[in-house]
Amino acid sequence: MDFSGNKRPDDMVRITTPELADAFIGEAVEAMRAQVGDGKVLLALSGGVDSSVVAALLIKAIGRQLVCVHVNHGLMRKGESEQVIDVFQNQMGAELVFVDATDRFLNKLAGVADPEAKRHIIGEEFIKVFAEEAAKLEGISFLGQGTIYPDILESEAGVKAHHNVGGLPKDLDFELVEPVKLLFKDEVRMVGKQLGLPDGMVYRQPFPGPGLGVRCLGAITRDRLAALREADAIVREEIDAAGLDIWQYFCVVPDMRATGVRDGRRAYEWPCIIRCVDSIDVMTAEVRELGWALLKKITGRILAEVPGICRVCYDLTPKPIGTVEWE
Ligand code: XMP
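Residues numbered from 1 in each chain as written. Predicted model: local features only at pLDDT ≥ 70, side-chain atom pairs only at ≥ 80, totals over all residues. Heavy atoms only, no water.

1. Structural notes on the packing of helix H10 (residues 222–241) against helix H11 (residues 292–305)
Now for step 1: Packing of H10 against H11 leaves a shortest axis separation of 10 Å and a crossing angle of 150°. With respect to H11, the axis of H10 lies roughly antiparallel. Crossing angle aside, the handedness with which H10 passes H11 is right-handed. In this structure, H10 uses Ala231, Ile234, Val235, Glu237, Glu238 and Ile239 to contact H11, whose residues at the interface are Leu294, Lys297, Ile298, Arg301, Ile302 and Glu305.
Now for step 2: Residue composition of the contact of H10 with H11, grouped by class: seven nonpolar, no polar and five charged. (Axes fitted to C-alpha atoms, helices over the stretch in contact; angles between N-to-C directions. Helix = DSSP H or I, 4+ residues; strand = E, 2+ residues; numbered from the N terminus. Parallel < 35°, antiparallel > 145°, perpendicular 65-115°, else oblique. Left-handed = near helix turned anticlockwise from the far one by under 90°. Contact = heavy atoms within 4.5 Å. Nonpolar A, V, L, I, M, F, W, Y, C, P; charged D, E, K, R; others polar.)

Shown next as structure tokens:
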């Protein structure tokens, strides 16, 4: 298999069975070994499906020549960095470097409202952090990445700059290793399952590289980001508790306020917008119809438990015309 180009060959078979996934894994392992030789690979391990599958592929291909780096950019969901460390370091025994770069990212993002500018700052900062980590390690010459095919298609179409494609500096001196860049999301999941990753990881909802940064709309502030993180945790907790299988479920907090009444006084706080969508290949998405009782429960909890949010809305927009993320 040729991984050098960014174009999925017309005759490339769609991975729809465990056997096809196994065949892909075999070819990808060979291709990665041929590319890397006895070099070392630094992998950006966010804990999402894509980077987790790439980590598992690389572990299979090159074992201890892989060094995983998990950067907490301060835009992770509640409890997420802790979970990455637990799964990869404790359970899978991978070599994992944990970097808490929260202040560095949030300081750079302060006052930046434009979504593409935010994406580029986050992407560039990521690369800088990895370069610094690489400099501390001996002999790293490759960078593993969880780029998937829709990232490439949408970046080429100019829809938006995904951080793992659009944010790379020109003078990057790592060579990229991107074994799933020609795959669609459902194919990546099937490969992950065949690699023996736990279901909770393989079927985990996708989370954008720029994290909560593209859900804390406009210029990010620490207080609004904290409110978003708490509201997001409630949405996830309640939907998981209801046993629903939904592609992506989260909320966004816009940079505006609405009037409310709290404890008998006028409140002027942020609204929170819940978004639940189903998708097969990320190119299109349908809004999931949630039961009224569940929506009321989530709403009640957010209003009662999240300081700074006084209004809850539900997003009814399919993709197209709305992208899954608001920014
Ligand atoms: P959109 O918003 O383009 O999202 O309909 C499609 C899917 O991609 C995820 N997404 C991103 N993933 N970097 C990523 O790695 C990004 O900048 C990014 N933006 C969106 C989104 O969550 C959805 O699953």
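2. Structural notes on the sheet that holds strand E1 (residues 40–44)
Now for step 1: With respect to topology, five strands assemble into an open sheet ordered E3-E2-E1-E4-E5, the strand pairing being parallel. Only two strands of the sheet have a single neighbouring strand rather than two, namely strand E3 (96–100) and strand E5 (175–177). Each adjacent strand pair in this sheet contributes to an overall mean axis angle of 30°, direction not counted.
Now for step 2: Here strand E2 (residues 66–72) runs beside E3; their pairing, made up of five bridges, is parallel. Within the sheet, the bridge partner assigned to Cys68 lies in E3 and is Leu96.
Now for step 3: Against the sheet, helix H1 (residues 18–36) contacts E1, strand E4 (140–144) and E5, and its axis sits at roughly 165° relative to E5. (Pairing = 2+ DSSP bridges.)

3. Looking at the pattern of salt bridges
Now for step 1: Under the criterion given, the structure shown has 28 salt bridges.
Now for step 2: Two residues, Lys78 and Glu230, come together in a salt bridge whose shortest N-O distance is 3.1 Å. Of the two residues, Lys78 is situated in the loop between E2 and helix H3 (80–91) and Glu230 in helix H10; the sequence distance between them amounts to 152 residues.
Now for step 3: The salt bridge partner of Asp103 is Arg222, with a shortest N-O separation of 3.1 Å. Here Arg222 lies in helix H10 and Asp103 lies in helix H4 (residues 102–109), a separation of 119 residues in the sequence. (Salt bridge = Lys/Arg side-chain N within 4 Å of Asp/Glu carboxyl O.)

4. Digging into the pairing of E4
Now for step 1: Among the five residues that make up E4, four are buried, leaving the element largely enclosed by the rest of the structure.
Now for step 2: Where E1 and E4 come together, four bridges link them in parallel fashion. Its bridge partner lying in E4, Val41 is registered against Phe142.
Now for step 3: Here E4 pairs with E5 via three bridges, running parallel. Each residue of the ladder has a partner; that of Gly144, found in E5, is Val177. (Buried < 20%, exposed > 50% of the residue type's maximum accessible area, 1.4 Å probe, protein only.)

5. Thoughts on the domain arrangement of the protein
Now for step 1: What the domain assignment lists for the protein is domain 1 (18–202) and domain 2 (215–314).
Now for step 2: Here domain 1 and domain 2 have C-alpha centroids that lie 27 Å from each other.
Now for step 3: In this assembly, 20 residues from domain 1 lie in contact with 17 residues from domain 2.
Now for step 4: Counting the surface lost from both domain 1 and domain 2, the interface buries some 1,500 Å², and carbon and sulfur atoms represent 58% of this.
Now for step 5: Broken down residue by residue, the surface that domain 1 buries against domain 2 is led by Arg77, Lys78 and Lys118, which jointly contribute 32%.
Now for step 6: Where domain 1 packs against domain 2, one counts eight residue pairs in polar contact (both at pLDDT 80 or more).
Now for step 7: Where the side of domain 1 that touches domain 2 is concerned, the elements lending two or more residues are H4, helix H6 (149–156) and helix H8 (185–194). (Domains from an automatic or database assignment. Buried area = accessible area lost by both parts, 1.4 Å probe. Polar contact = N/O pair within 3.5 Å; in protein donor to acceptor, adjacent residues only side chain to side chain.)

6. A closer look at unusual backbone geometry
Now for step 1: The omega torsion across Lys319 and Pro320 is -15°, close enough to zero to call that bond cis.
Now for step 2: On the secondary structure map, Pro320 appears in the segment after strand E10 (309–314).
Now for step 3: Of note, the phi angle at Asp263 is positive, near 55°, even though the residue is not glycine.

7. A look at H10
Now for step 1: Across its 20 residues, H10 extends 28 Å between first and last C-alpha, which sits within 8% of the 28 Å expected from 1.5 Å per residue.
Now for step 2: The complete set of buried residues in H10 reads Arg224, Leu225, Ala227, Leu228, Ala231, Asp232, Ala233, Ile234, Val235, Arg236, Glu238 and Ile239.
Now for step 3: Against H4, strand E6 (248–252), strand E8 (265–278), H11 and E10 lie the buried residues of H10.
Now for step 4: Once H10 finishes, Gly243 follows within two positions and takes phi at roughly 75°, a positive value. (Expected span 1.5 Å × (residues − 1).)

8. Quick look at the pairing of E6
Now for step 1: In terms of residue burial, E6 counts as a mostly covered element, since five of its five residues are buried.
Now for step 2: Side chains Gln248, Phe250 and Val252 project from E6 onto one buried face, and the interleaved Tyr249 and Cys251 project onto a second face that is buried too.
Now for step 3: In this structure, E6 lies alongside E8, joined through five bridges in antiparallel fashion. Across the sheet, Phe250 pairs through a bridge with Arg275, a residue of E8.

9. Observations regarding the packing of aromatic side chains
Now for step 1: Tallied over the full model, the rule gives three aromatic pairs.
Now for step 2: Both rings, one in Phe105 and one in Phe126, keep their centres 5.7 Å apart while their planes meet at 65°; by these two values the pair is edge-to-face. Taken as a pair, Phe105 in helix H4 and Phe126 in helix H5 (residues 115–136) lie far apart in primary sequence, 21 residues in all. By the burial criterion, Phe105 is buried, and Phe126 matches it.
Now for step 3: Three or more aromatic residues link up through ring pairs in this structure, and these residues are Phe105, Phe126 and Phe130.
Now for step 4: A cation sits over an aromatic face here: Arg77 above Phe207, 4.0 Å from the ring centre. (Phe/Tyr/Trp six-rings, centres within 6.5 Å; stacked < 30°, edge-to-face > 60°. Lys NZ or Arg CZ within 6 Å of the ring centre and 35° of its normal.)

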